[in-house]
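Per-entry structural report
If you want the building blocks of each chain, they are given just below.
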Amino acid sequence: MPKLSDRTRLIAGATRRGRGRRPVNPPIERASTMLSDDPAAMQDPGDGPVYGLDGTSAARELRTALADLEGASEAFLVPSGLAAVTVPLTALLRPGDEVLTTEAVYGPTRRFLTRHMADRGVAASFHPAGASVEAVMDQMHERTRVLLIEAPGSLTFEMMDVPALAAACRKRGVLTVMDNTWAAGLAFRPLAHGVDVSVQALTKYAGGHSDLLMGGVAAQAPEIVRAINNVIEDMGWHVSPDDAWLALRGLRTLPLRYEAQARTALQVAEWLQDQPEVANVLYPPLPGSVGHSLWRRDFDGAASLMGVVMKGGGKAAAHAFMRELSLFGMGYSWGGFESLITYETPQLAYRQHAPDLPGQLLRLHIGLEDPADLIADLTRGLAAWRAQQDSNLQPSA
Ligand SMILES: Cc1ncc(COP(=O)(O)O)c(C=O)c1O
């Protein structure tokens, strides 16, 4: 059979499962205890999970589908996207080691490095967001053991030359872990580009409905797979069968949702770019945006998440904009069916080298709504932003 596309493979995984009359989807098997027929069979993994921690049908099918998507020999499930980042770092780093990552790394990942890992003797250093391969490699020390890549970066969306970074790290004996949540395992394949571990928050597009938290970790090399497996086993991480079932259901429609949301996001980004109140839209698929040329070269698709830098304005104007919107929920996370907005300027203060933006930073997540309705909503929001700006300019009575 010819190689099937992602879209077909993610569905064929359901129709090709098992034999005989059966439901399309696996059962939700809620279990701690598993029963065996014979004492000799109690420890036989060939007979299925020995204990609930081993994962039941939905989790097992989800792991297989995720490994296939990522081109990995093994994929693991953990309770959140954050855990998907922290597990491989815990597996690969030892006291005395150093991990290097971008200034634009996801905030809680930074906290994990500077609090948990620092307390345990692992040092973290941060390179400028969007730095060149040479600049990143120049910042490595003798003890640098892992490069943690996030591209595009959180909030400011800088891209990195991942294939070149992976090759340079491999040559130097440095391992690479990539937070690939933005690409959802679809638009970019870290392992095919030489990265050692690909992680993503399945919470976002795979879940797709803002109703579960989960992370996926995928790797190829047996020693890395073993190290990740051991951390998950030793820490006792587990995902619920209900959540695994929901994430598996999400995967079946992931490519269509991802593509539709990206199409609307590009429309919204192009429109925003032309508005006089907007200084800059940070969205790599948008021509002229930060990271556009690397995105074009390496990515097959895009998430529907972008930064919007306003032309001046303070916090009050940003808040007035947000309050005026009726179709964008004010809430964290992304990848669900609904559009969301967050105010991000305060987050930039955690960076050593905060980017020099000409105004306040908002983050938009574009959902599955009609683009015309979203643009009409944003038009009202921009009017509220202008009104707040104008009131700031009025001389006080
Ligand atoms: C880039 C990135 N990685 C990881 C995560 C963590 O995912 P979770 O919310 O499932 O912990 C997030 C969440 O926003 C994220 O934006």
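In this text, all values refer to a predicted model and were calculated from it rather than measured experimentally.

What counts, and where the lines are drawn
- Residues numbered from 1 in each chain as written.
- Predicted model: local features only at pLDDT ≥ 70, side-chain atom pairs only at ≥ 80, totals over all residues.
- Heavy atoms only, no water.
- Patch = residues over 30% accessible without salt bridge, like charges linked within 9 Å, V, L, I, M, F, W, Y side chains within 5 Å.
- Areas by Shrake-Rupley, 256 points an atom, 1.4 Å probe, with all protein chains shown as cover.
- Salt bridge = Lys/Arg side-chain N within 4 Å of Asp/Glu carboxyl O.
- Lys, Arg positive; Asp, Glu negative; His and termini not counted.
- Charge placed at Lys NZ, Arg CZ, Asp CG, Glu CD.
- Helix = DSSP H or I, 4+ residues; strand = E, 2+ residues; numbered from the N terminus.
- Buried < 20%, exposed > 50% of the residue type's maximum accessible area, 1.4 Å probe, protein only.
- Contact = heavy atoms within 4.5 Å.
- 1 Å grid on protein atoms, 1.4 Å probe; cavity = no way out; pocket = protein on both sides within 12 Å on 5 of 7 lines; lining within 4 Å.
- Points joined across faces, edges and corners; volume = space filled by probe spheres on them.
- Nonpolar A, V, L, I, M, F, W, Y, C, P; charged D, E, K, R; others polar.
- Core = buried A, V, L, I, M, F, W, Y, C linked by side-chain atoms within 4.5 Å.
- Domains from an automatic or database assignment.
- Phe/Tyr/Trp six-rings, centres within 6.5 Å; stacked < 30°, edge-to-face > 60°.
- Pairing = 2+ DSSP bridges.
- Axes fitted to C-alpha atoms, helices over the stretch in contact; angles between N-to-C directions.
- Buried area = accessible area lost by both parts, 1.4 Å probe.

**Re a negative patch on the surface**
- A contiguous patch of negative charge, built from Asp37, Asp38, Asp44 and Asp47, is present on the exposed surface.
- Looking at the secondary structure, you find Asp44 in the loop between α1 (6–15) and α2 (57–70).
- Since its relative accessible area comes to 36%, Asp44 is described here as partly exposed.

**Here's the deal with the side chain of Arg351**
- The topology assignment puts Arg351 in the loop between β11 (340–343) and β12 (361–365).
- Buried charge without a salt bridge: Arg351, with Glu158 as the nearest opposite-charge side chain at an N-O distance of 4.4 Å.
- Filtering out sequence-adjacent residues up to four positions away, Arg351 remains in contact with Glu103, Ala104, Arg110, Ser154, Leu155, Thr156 and Glu158.

**Overview of empty space enclosed by the protein**
- Taken as a whole and assessed by the stated rule, the structure comprises 1 cavity of 30 Å³ or more.
- For the largest cavity, the calculated volume is near 30 Å³.
- In terms of lining, the largest cavity is formed by Asn25, Pro26, Trp245, Leu248, Arg249 and Arg252.
- Among the residues making up the lining of the largest cavity, the classes are represented as 3 nonpolar, 1 polar and 2 charged.

**Focus on the nonpolar core**
- Leu147, Trp182, Tyr258, Leu272, Tyr283, Met306 and Leu364 are the most contacted members of the largest nonpolar core, which totals 91 residues.
- Each of two domains, domain 1 (6–250) and domain 2 (253–393), supplies a minimum of three residues to this core.
- Apart from the residues within four sequence positions on either side, Met306 is in contact with Phe157, Ala265, Ala269, Leu272, Val281, Leu282, Tyr283, Leu362, Arg363, Leu364 and Ile366.
- Ranked by size, the runner-up nonpolar core spans 31 residues in total, among them Val78, Val105, Leu148 and Val225.

**Regarding the environment of Trp334**
- Tracing the backbone shows Trp334 in the loop between β10 (329–330) and β11.
- Separated by 40 residues in sequence, Trp334 and Leu294 place their C-alpha atoms 23 Å apart.

**Overview of the layout of surface pockets**
- By volume, the largest pocket amounts to about 880 Å³.
- Every residue lining the largest pocket is counted, 35 residues in all, and those nearest its centre are Tyr106, Gly107, Pro108, Ser154 and Arg363.
- With 4 residues, helix α4 (residues 107–119) is the largest single contributor of residues to the lining of the largest pocket.
- The residue makeup of the lining of the largest pocket, split by class, is 15 nonpolar, 11 polar and 9 charged.
- If you count residues domain by domain, the lining of the largest pocket takes at least three from each of domain 1 (6–250) and domain 2 (253–393).
- Roughly 400 Å³ of internal volume is contained in the second largest pocket.
- Here the residues of the lining of the second largest pocket sort into 8 nonpolar, 4 polar and 4 charged.

**Observations concerning the packing of aromatic side chains**
- Summed over all chains, the structure comprises 5 aromatic pairs.
- Ring geometry for Tyr205 versus Tyr258: centroids 5.0 Å apart, planes at 85°, classification edge-to-face. Of this pair, Tyr205 sits in the loop between β6 (197–201) and β7 (215–219) while Tyr258 sits in helix α8 (residues 241–273), placing them 53 residues apart in sequence.
- A relative accessible area of 4% places Tyr258 in the buried class.
- Judged by centre distance (5.9 Å) and plane angle (75°), the rings of Tyr205 and Trp334 are edge-to-face. With Tyr205 in the loop between β6 and β7 and Trp334 in the loop between β10 and β11, this pair connects stretches of sequence that are 129 residues apart.
- Judged by relative accessible area, Tyr205 falls into the buried class, the value being 1%.
- Here Trp334 falls in the buried class, since its relative accessible area comes to 13%.
- Through pairs of rings, three or more aromatic residues link up here, namely Trp182, Phe188, Tyr283 and Phe299.

**Re the sheet that holds β10**
- Taken together, the 5 strands give an open sheet; going across it, the order is β8-β9-β12-β11-β10, and neighbouring strands pair in mixed fashion. Strands at the two margins of the open sheet, each flanked by one partner only, are β8 (278–282) and β10.
- Pairing of strand β9 (residues 305–310) with β12 involves 5 bridges; the strand directions are antiparallel. Looking at β12, one finds that Gly307 is bridged to Arg363.
- Sitting on the sheet, α8 is in contact with β8, β9 and β12, with an inclination near 155° to β8.
- Sheet contacts for helix α10 (residues 315–324): β10, β11 and β12; angle to β11, the most-contacted strand, approximately 165°.

**Remarks on the domain arrangement of the chain**
- Under the domain assignment, the chain is made up of domain 1 (6–250) and domain 2 (253–393).
- Look at where the C-alpha atoms of domain 1 and domain 2 centre, and you get two points 28 Å apart.
- Counting residues at the interface gives 35 residues for domain 1 and 43 residues for domain 2.
- At the boundary of domain 1 with domain 2, total buried surface from both sides reaches about 3,300 Å², with 65% on carbon and sulfur atoms.
- Counting the surface domain 1 buries against domain 2, the share from its top three residues, Leu155, Trp182 and Tyr205, is 26%.

**With respect to the pattern of salt bridges**
- Per the stated rule, a full pass over the model turns up 13 salt bridges.
- Here Arg297 makes a salt bridge to Asp161, at a shortest N to O gap of 2.6 Å. Placement of the pair is Arg297 in helix α9 (residues 292–298) and Asp161 in the loop between β4 (144–150) and α6 (162–172), with a sequence separation of 136 residues.
- Across the salt bridge formed by Arg297 and Asp298, the nearest N and O atoms sit 2.9 Å from each other.
- The structure contains a network of salt bridges with shared partners spanning Asp6, Arg9, Asp68 and Arg189.

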